[in-house]
Each structure stands twice: as C-alpha cells, then as structure tokens.
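# Descriptive analysis of the structure
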Amino acid sequence: MQAIIVIDYSYDFVATDGALTTGVAGQRIEKSLVEEVKKFHDQGDFVVFAMDLHEKKDKYHPEIKLFPHHNLKDSQGRQLFGSLKILYDEIKGNDNVYFMDKRRYSAFSGTDLDIRLRERGITEITLVGVCTDICVLHTAVDAYNLGYKINIPQEAVASFDPKGHQFALNHFSNTLGANVY
Ligand code: ZN
C-alpha cells in the first residue's frame, strides 16, 4: 500500500477570491490533482487530506506575522476546492480516507501522520497540492528525514511564485531523491 497526501487544496489557497490564493496556478492543477486522488483511492491506497487549520485569536502562531488570516476553523475558506470537494464528499467515510488538521507547513509537524502511515506499513508517499515551495516542500523535507520514498506529480502541485515552484521541484529530485514526474 502507498499513500497520497493532498496538501492544503482549500478555497482560501485556490479560489480567485481566496484569502491566500495561488490563483490561476492552483486552479490549473485541479483536474490532474483530482485524477491522481481518484486513482489512488480506487487502488485501495491510503488517501490523506492534510489541511491547514488556523484560529483568528491564535496570537502565538508564527504565521500571524507572515500572512493574512487563512483557513480559519469552520470557515468556508477551509473547505476543499472545486471538484476535489465533490470527490471528497463521495469517498469520505471510507476506510482508506483520512482528513487531518495541521497547524504548520509540514503535514508531519505535531500530527499523527507518521504513525498512521507506519501502522499501515506504508513507506512510499505521493504529495500533491499547494504551495509547492511552502507546505508541500516542508512536508517533503520531513518525509525525507523520516525515511519515506517520495513521488511528486508536477502537474498536481502549484505555487503563487513560479521561481519558488521551480526551486522546489529541483530540490525534490536533486536533494530529497524524490521521483518528480
Ligand atoms: Zn497557514
């Protein structure tokens, strides 16, 4: 069994009027991303939705100083975007689907993701979502340090920053030994 980890593909990060949007870049990957998720799900692989979670009054959070409010608890902005939400509504509740909150860039930071993967004997993960050079990158670095084999379909990751996107793709393959395809 493998896992696909869908990172931060929310309204706030993708919709044109999202609070911290990747805009057209994020919208462009919708079809490929949803196809990847569906493929893994139908194969019986483990499908993880790792979603940023913030609270307006969380004055201790370092992102408060860096970004406008985004992905606030119970907000519309934190909903999955577009056809990914439709797919999620169809598959949620299945044994191999797991929706998890995260408070930091990496889906491994302060979460039970590593143990969820290990108890299933999973050693190989595929990362999709946004932003290539922030949350996908930090998740990939942690995955590398934990010994996972990493796959990144480049048509299913995006960033608001084209230079950062390209840097991260190079870093995945040249430094983290990921399979970027
Ligand atoms: Zn955040």
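Scroll up for the structure.
To start, this report covers the structure provided alongside it. Please read these numbers as outputs of a predicted model, since none were measured by experiment. (Residues numbered from 1 in each chain as written. Predicted model: local features only at pLDDT ≥ 70, side-chain atom pairs only at ≥ 80, totals over all residues. Heavy atoms only, no water.)

Turning our eyes to something else, we now look at the overall build of the protein chain. When its secondary structure is counted, the protein chain shows seven helices and seven strands. Its C-alpha atoms give the protein chain a radius of gyration of 15 Å, near enough to 16 Å, the size a compact globule of 181 residues would have. Its C-alpha atoms put the protein chain at 40 × 35 × 30 Å along the principal axes. Taking all 181 residues of the protein chain together, 50% fall into the buried category. Pairs at least 24 apart in sequence give 74% of the contacts found in the protein chain among residues at least 6 apart. Summed over its atoms, the accessible surface of the protein chain is roughly 8,800 Å², and 51% of this surface lies on carbon and sulfur atoms. (Helix = DSSP H or I, 4+ residues; strand = E, 2+ residues; numbered from the N terminus. Rg over C-alpha atoms; globule rule 2.2 N^0.38 Å. Buried < 20%, exposed > 50% of the residue type's maximum accessible area, 1.4 Å probe, protein only. Contact = heavy atoms within 4.5 Å. Areas by Shrake-Rupley, 256 points an atom, 1.4 Å probe, with all protein chains shown as cover.)

Okay, the coordination of the zinc ion next. Tetrahedral coordination by four donors sets the ideal angle at the metal to 109.5 degrees; octahedral coordination by six donors sets it to 90 or 180 degrees. Protein ligation of the zinc ion involves Asp52 (OD), His54 (NE2), Glu63 (OE) and His70 (NE2), the donor distances falling in the range 2.0 to 2.1 Å. Around the zinc ion sit four donor atoms, and with donor-metal-donor angles ranging over 91 to 167 degrees the site reads as irregular. Here the donor residues of the zinc ion are spaced in sequence according to D-x1-H-x8-E-x6-H. Given a relative accessible area of 6%, Glu63 falls into the buried group. Look at His70 and you get buried, because its relative accessible area is 3%. (Donors = N, O, S within 2.8 Å, 3.2 Å for Na, K, Ca; no water. Tetrahedral: all angles 85-135°; square planar, octahedral: opposite > 155°, others 65-115°.)

Bringing the side chain of Glu63 into the picture now. Considering the arrangement of structural elements, one finds Glu63 in the loop between strand E2 (46–52) and helix H4 (82–91). Buried within the structure, Glu63 lacks any salt-bridge partner; its nearest side chain of opposite charge belongs to Arg104, at an N-O separation of 5.8 Å. Look past the residues within four positions of Glu63 in its chain and what remains in contact with it is Asp52, His54, His70, Arg103 and Tyr105. (Lys, Arg positive; Asp, Glu negative; His and termini not counted. Salt bridge = Lys/Arg side-chain N within 4 Å of Asp/Glu carboxyl O.)

Turning our attention to H4. When we look at burial in H4, the residues that qualify are Leu84, Leu87, Tyr88 and Ile91. Burial along H4 is one-sided: seen end-on, the buried residues are contained in an arc of 100 degrees. Structural note: H4 exposes Ile86 and Glu90 on the side pointing more than 90 degrees away from its buried face. Residue Gly93 follows H4 closely and has a positive phi angle near 95 degrees. (Arc of directions from axis to C-beta.)

To continue, consider the side chain of Asp58. Note on placement: Asp58 falls in the loop between E2 and H4. Residue class for Asp58 comes out buried when judged on its relative accessible area of 18%.

Our focus in this paragraph is the packing of helix H3 (residues 30–43) against H4. Contact pair H3 / H4: the axes reach a minimum separation of 9 Å and the direction vectors enclose 15 degrees. Considering their axes alone, H3 and H4 lie roughly parallel with respect to each other. Crossing angle aside, the handedness with which H3 passes H4 is right-handed. Counting all contacts with H3, which are made through Glu30, Leu33, Val34, Val37, Lys38 and His41, the residues of H4 involved are Gly82, Ser83, Leu84, Leu87 and Ile91. Among the residues making up the contact of H3 with H4, the classes are represented as six nonpolar, three polar and two charged. (Axes fitted to C-alpha atoms, helices over the stretch in contact; angles between N-to-C directions. Parallel < 35°, antiparallel > 145°, perpendicular 65-115°, else oblique. Left-handed = near helix turned anticlockwise from the far one by under 90°. Nonpolar A, V, L, I, M, F, W, Y, C, P; charged D, E, K, R; others polar.)

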